[in-house]
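Residue strings, one per chain:
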Amino acid sequence: MGELGWRNTDQRFNINVSDGWSTIQKIEMSEDNENWTVLDIDYANGATADSYPLFDDERPLSDVYFRGTDSLGNVGNTKTVKFGIDKTAPKITVTPELTSSPEWRNSSVSVKITHSDKEGGSGVATTSGEYFLSKSASPTSVPTGSSLKGTYTSGTAFNINPGTSGQYYLWVKQIADNATNKSSTTNYVTIGGVVYHRYGLYKFDYNKPTITVSPTSTTSPEWKNSALSVTVTHNDTGGSGVA
């Protein structure tokens, strides 16, 4: 048998037992090599193989032991297989998931992306990943360009600062754990066969607001002897809006 490592599906084992002199009486299994359970295998018609037992629950990476006993009470050598079952997808946590308090920024935003897996699970396969920042027409549209891309280390903060005003989504490449489970496919797009998770919006406004005064001076005539109507307008086109 040996070590199978981490699996993410139910596991059965094909047990082959033979005895050159007598018949097989029982096959036993143990998870601690001390307490043994007889497997429900029918050898009445000389059967020597079957797919038992079924492991369908998540379990840590640990040993399982098998042994056979013949009709004369002889106990065969113990066979060991080491495996774990992890069916739970790893998680990506992004902090913050969007800009707030204030909603709009005119400088870099510190972001931290963290990989995690269930306690006792197989563990995340990598502690680094890829991201990019993009202006997208909608949350479900596939980004066609990137204004900032890079790599990150799980749990270590880094700055995003596109340098151009606008509303951005942060796209984080899908991760896997050591049982090959992949992070959830919610809020995602697929680009070239690769899944990216979406976070945001992150809003940046680097443009200064403007003031428009009309008229800017007295003309026709230059001098007035009565009240003058003046309009002052604040403008912030495509940005955060005037305060």
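Look up: the structure comes first, before these words.
Attention here is on the structure that accompanies the text. (Residues numbered from 1 in each chain as written. Predicted model: local features only at pLDDT ≥ 70, side-chain atom pairs only at ≥ 80, totals over all residues. Heavy atoms only, no water.)

A short note on the overall build of the chain
Here comes step 1: Summing up its helical and strand segments, the chain has zero helices and 18 strands in all.
Here comes step 2: Every one of the 243 residues in the chain was classed for burial, and the buried ones make up 33%.
Here comes step 3: Long-range contacts, defined as pairs at least 24 residues apart, comprise 68% of the intrachain contacts of the chain with a sequence gap of at least 6.
Here comes step 4: When the accessible surface of the chain is totalled, it reaches about 14,600 Å², and 46% of it is carbon and sulfur. (Helix = DSSP H or I, 4+ residues; strand = E, 2+ residues; numbered from the N terminus. Buried < 20%, exposed > 50% of the residue type's maximum accessible area, 1.4 Å probe, protein only. Contact = heavy atoms within 4.5 Å. Areas by Shrake-Rupley, 256 points an atom, 1.4 Å probe, with all protein chains shown as cover.)

Concerning the nonpolar core
In summary, soluble globular proteins display a tendency toward joint burial of nonpolar side chains.
Here comes step 1: Counting 17 residues, the largest nonpolar core has V94, V111, I113, I160, L170, V172 and Y202 as its most contacted members.
Here comes step 2: Breaking this core down by element, the ones donating at least two residues are β8 (91-95), β10 (109-116), β11 (128-134), β13 (158-160), β14 (166-173) and β16 (194-204).
Here comes step 3: Beyond its immediate chain neighbours, meaning those up to four positions away, L170 contacts V94, V111, Y131, F132, L133, H197, R198, Y199 and Y202.
Here comes step 4: F13, F66, V81 and I85 belong to the second-largest nonpolar core, a separate cluster that totals 14 residues. (Core = buried A, V, L, I, M, F, W, Y, C linked by side-chain atoms within 4.5 Å.)

Here's the deal with the sheet that holds strand β4 (residues 37-38)
Here comes step 1: Pairing is mixed across the open sheet formed by five strands, whose spatial order is β1-β7-β6-β3-β4. Each edge of the open sheet is held by one strand with a lone partner, namely β1 (2-7) and β4. (Pairing = 2+ DSSP bridges.)

Side note on the pattern of salt bridges
Here comes step 1: Following the criterion strictly, the structure yields seven salt bridges and no others.
Here comes step 2: Residues D10 and K87 are paired through a salt bridge, measuring 2.5 Å at the closest nitrogen-oxygen approach. Highlighted residues: D10 in the loop between β1 and β2 (11-16) and K87 in the loop between β7 (79-85) and β8, separated in sequence by 77 residues.
Here comes step 3: With a relative accessible area of 40%, D10 lands in the partly exposed category.
Here comes step 4: The class for K87 is partly exposed, based on a relative accessible area of 37%.
Here comes step 5: Taking the shortest distance from any N to any O, the salt bridge between R59 and E31 comes out at 2.7 Å. With R59 in strand β6 (residues 59-70) and E31 in the loop between β3 (24-30) and β4, this pair connects stretches of sequence that are 28 residues apart. (Salt bridge = Lys/Arg side-chain N within 4 Å of Asp/Glu carboxyl O.)

Overview of the side chain of Q174
Here comes step 1: Assignment of secondary structure puts Q174 in the loop between β14 and β15 (188-191).
Here comes step 2: Residue Q174 is classed as buried on the basis of its relative accessible area of 18%.
Here comes step 3: Here the side chain of Q174 touches S183 through a polar contact of 2.9 Å, landing on its backbone oxygen.
Here comes step 4: Residues within four places of Q174 in sequence aside, it is in contact with K182, S183, T185, V195 and H197. (Polar contact = N/O pair within 3.5 Å; in protein donor to acceptor, adjacent residues only side chain to side chain.)

A word on the side chain of R59
Here comes step 1: By relative accessible area, R59 is classed as buried at 9%.
Here comes step 2: Side chain to side chain, R59 and E31 meet in a polar contact 2.7 Å long.

Remarks on the environment of K173
Here comes step 1: Inspection of the secondary structure assignment puts K173 in strand β14.
Here comes step 2: The partly exposed category is assigned to K173, whose relative accessible area is 29%.
Here comes step 3: Beyond its immediate sequence surroundings of up to four residues, K173 is in contact with I92, E130, V194, V195 and Y196.

Side note on unusual backbone geometry
Peptide bonds are trans in most cases, and residues, glycine excluded, mostly fall at negative phi.
Here comes step 1: Cis geometry marks the peptide bond from S101 to P102, where omega comes out at 0 degrees.
Here comes step 2: Topologically, P102 is positioned in the loop between β8 and β9 (104-105).
Here comes step 3: Along the chain, S220 connects to P221 via a cis peptide bond; the corresponding omega equals 0 degrees.
Here comes step 4: Tracing the backbone shows P221 in the loop between β17 (210-214) and β18 (231-235).
Here comes step 5: Phi angles above zero are rare outside glycine, and N33 is one such case at about 65 degrees.
Here comes step 6: Located in the positive-phi region is S101, a residue other than glycine, with phi close to 45 degrees.
Here comes step 7: Under the relative-accessibility criterion, S101 is labelled exposed at 75%.

Nothing here speaks to function; it is all geometry.
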